[in-house]
Amino acid sequence: MTTPQQIAEAFSGHRFSDAYDHLAADIEWVLIGDATIHGRDQVIQACEQTAAELTETTTEFLRFLTIAGTGAVAVDTVARYEGADGTTSVVSSCDIYEFDKGVVAAITSYSAELDPTEHPTPMHSDPRLHR
């Protein structure tokens, strides 16, 4: 059985397709400061576009903290992205997942770009931090 925590961690860890079966048909994904995406099909479309953009990118999670509660899960991350062209960006984000009857009913996402020079790549032994 897939737990709410596992679903949230898959989604926040860019393993979007692992979460698709657990999205409510009428899900609402609020990207604070940007857009709101309504409906499972539109959320999947946005995820597929993001996944396509990341195909030539190496992602390392410098932070991946999950807090699971009754009916909600929060995932706080800092990710370093290195593009094939050598560009580097670091993004801090927090995704809050609200569950209803075992499926994700709503996601609220906050994100901010950080200075990559202030967040060097650390050496981690935890394989969850490398994607």
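Above this text sits the structure in question.
Notes on the structure in this doc start here. (Residues numbered from 1 in each chain as written. Predicted model: local features only at pLDDT ≥ 70, side-chain atom pairs only at ≥ 80, totals over all residues. Heavy atoms only, no water.)

1. Regarding the nonpolar core
Residues Phe 11, Trp 29, Val 43, Cys 47, Tyr 97, Val 104 and Ile 107 are the most contacted members of the largest nonpolar core, which totals 24 residues. Elements that contribute at least two residues to this core include exactly helix H1 (4–12), strand E1 (23–31), helix H2 (40–53), strand E3 (57–68), strand E4 (72–83), strand E5 (88–100) and strand E6 (103–114). The dominant element in this core, judged by the number of residues it contributes, is E4, at four residues. Excluding residues within four positions of it along the chain, Tyr 97 makes contact with Ala 8, Phe 11, Ser 12, Gly 71, Ala 72, Val 73, Val 75, Val 104, Ala 106 and Ile 107. (Core = buried A, V, L, I, M, F, W, Y, C linked by side-chain atoms within 4.5 Å. Buried < 20%, exposed > 50% of the residue type's maximum accessible area, 1.4 Å probe, protein only. Helix = DSSP H or I, 4+ residues; strand = E, 2+ residues; numbered from the N terminus. Contact = heavy atoms within 4.5 Å.)

2. Notes on the sheet that holds E5
As summarised here, the arrangement of the six strands in space is E2-E1-E6-E5-E4-E3, forming an open sheet in which the pairing is mixed. Looking at the sheet topology across the chains shown, the edges are occupied by strand E2 (36–38) and E3. Sheet twist, expressed as the average angle between the axes of neighbouring strands with direction ignored, equals 20°. Sheet topology note: the E1/E6 ladder contains five bridges and is parallel. Bridging from a neighbouring strand, Leu 23 pairs with Val 104 of E6. Along the sheet, H2 contacts E1, E2 and E3; its crossing angle with E1, the most-contacted strand, is approximately 60°. (Pairing = 2+ DSSP bridges. Axes fitted to C-alpha atoms, helices over the stretch in contact; angles between N-to-C directions.)

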